[in-house]
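# Structural features, examined
Given next are the chains, with one letter for each unit.
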Amino acid sequence: MPTSLKRAPARPPEQTVPAPPRRRSARSRRSLTGWAYAAPTALFVTLFFAVPVLLVGRMSISDWGLFAGNRGVDFPDNFTDAVDLRLFWPAVRFTVKYTVITTVILIGLSLVLALLVQESTRWTGFLRTAVLVPGALGLASASLLFYALYSPQSGPFGEVLRDVGLADGPVSFLGTPDAALWSTVGLIVWRFAGFYTLLLLVALQGISADVYEAAELDGCNRWQRFTRITLPLLRSSLAMCAILCVTGSLLAFDQFYILTKGGPDNGTMTIVQLIYNAAFQGGNDLGLAAALSIIVLVALLVLNLGQFRWLRGKDA
């Protein structure tokens, strides 16, 4: 006997139950609280980053004198004039050279110091304090301090070199472009080594001791543990330090302005000093200085995006 197939009754459409008014009000309060916490930062970024960048962008396409004001559109003459400046490419080469030297020495030394002060010994507290104290001094103050220390007549550095027999007369630490470069690198390493050491020390302390114990049980020596465990696990922190150091070095201004004023013979002219000179030192051309600033900003964005992409690709 054939059985009759009965269609199952259709299920009524699901209806979303509205959230109770109390839950909605609590969610709204949390949302408003989040916006209230974010508002000061958003306002700060808008006023001190977004608005100045837009103003510089407008200046870069305008004939904008320091005292004459905006005299109309001048695009792309500002950018072509910026690249055609006599000191543009020497300043770019010197800035890149200074950035490479500073980044390599500063991060390498900071890693050594972080490994040195990581272990708990009787001298750890003293070493950590000695490394971090220079970071409490502002860069302009540190530059003035080293300007006095580098003085050929009264500076103690030259006297020490004469006492140990490494120099016969007054030592000119800032008298030649190469000497001024390495003297400035010494200042920056002294000033910022503690900051990068602290960053790397925090990352080192985040590595579990069980990983090292397991590697030691497997027969890894100290060098193998460093190269196969410490360095790979510090890759993100090292990359962050590299990004900060490269960005700060490419924007170097205070130390060279105080120590050398771009000399001798414009041998220590950085790209930011060139921007300053175009705007205030004789040029009085804010449009040209703004065009140089936009070129530097684009170069920094491309460089930092490349570094972030490389880091993300390594972590993927």
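Whatever comes next refers back to the structure up there.
Summarised in this report is the structure supplied together with it. The written sequence of each chain sets the order in which its residues are numbered from 1. A pLDDT threshold of at least 70 governs which residues receive local features in this predicted model, and a stricter bar of 80 or more applies before side-chain atom pairs are shown or counted, although totals over entire chains, interfaces and linings include all residues. Note that water and hydrogens are dropped before the side-chain values are worked out from all heavy atoms of the structure.

Take the overall build of the protein next. Runs of H or I in DSSP of at least four residues are treated as helices and runs of E of at least two as strands, each being numbered from the N terminus. When its secondary structure is counted, the protein shows 13 helices and two strands. Burial here depends on accessible area, computed with a 1.4 Å probe over protein chains only, as a share of the maximum for the residue type. Under 20% is buried, over 50% is exposed, and the range in between is partly exposed. Within the protein, the proportion of its 316 residues that are buried is 34%. Here the contacts in the protein between residues at least 6 apart in sequence split such that 66% fall between residues at least 24 apart. Here, Shrake-Rupley sampling with a 1.4 Å probe gives the accessible areas, and only protein chains in the shown set may cover a residue. A total of about 20200 Å² of accessible surface is found on the protein, and carbon and sulfur atoms cover 65% of it. By definition in these notes, contact holds between two residues if any of their heavy atoms fall within 4.5 Å.

Roughly 420 Å³ of volume is contained in the largest pocket. Of all the secondary structure elements, the ones that give two or more residues to the lining of the largest pocket are α1 (21-60), α12 (271-280) and α13 (286-315). Top contributing element to the lining of the largest pocket by residue count: α13, with eight residues. Within the lining of the largest pocket, the residues separate by chemical class into 19 nonpolar, one polar and no charged. In this analysis the probe radius is 1.4 Å and the grid spacing 1 Å, with only protein atoms considered; a cavity is a set of points the probe fits into but cannot get out of, a pocket is an open set with protein on both sides within 12 Å along at least five of seven lines, and lining residues have an atom within 4 Å of a point. Grid points are joined across faces, edges and corners, and a volume is the space filled by probe spheres set on the points. Asp, Glu, Lys and Arg are counted as charged, while Ala, Val, Leu, Ile, Met, Phe, Trp, Tyr, Cys and Pro are counted as nonpolar; the rest, among them Gly, fall into the polar class.

Attention now goes to the environment of V202. Inspection of the secondary structure assignment puts V202 in helix α7 (residues 177-205). For the pair V202 and Q118, spaced 84 residues apart in the sequence, the C-alpha separation amounts to 9.3 Å.

Turning to helix α5 (residues 139-149), a few remarks are in order. Regarding α5, the residues found buried are L139, A142, S143, F146 and L149. Summarising the axial view, the buried residues of α5 lie within an arc of 120°, below the 170-degree limit, and thus occupy one face. Buried residues along α5 sit against α6 (156-163), α7 and α11 (254-259). Along the arc lie the directions from the helix axis toward the C-beta atoms.

Between α5 and α7, the shortest axis-to-axis distance is 10 Å and the interhelical angle comes to 135°. Taken together, the axis directions place α5 and α7 in an arrangement best described as oblique. Seen along the crossing, α5 lies across α7 with a hand that is right-handed. Here L139, A142, S143, L145 and F146 of α5 come into contact with α7, specifically with L187, I188, W190, R191 and F192. Split by residue class, the contact of α5 with α7 holds eight nonpolar, one polar and one charged. To define axes, lines are fitted to C-alpha atoms, for helices over the stretch in contact only, and angles between the resulting N-to-C directions are given on a 0 to 180 degree scale. With respect to orientation, any angle under 35 degrees is reported as roughly parallel, any angle over 145 as roughly antiparallel, any angle of 65 to 115 as roughly perpendicular, and every other angle as oblique. In a left-handed crossing the near helix is turned counterclockwise from the far helix by less than a right angle, and in a right-handed crossing that turn is clockwise.

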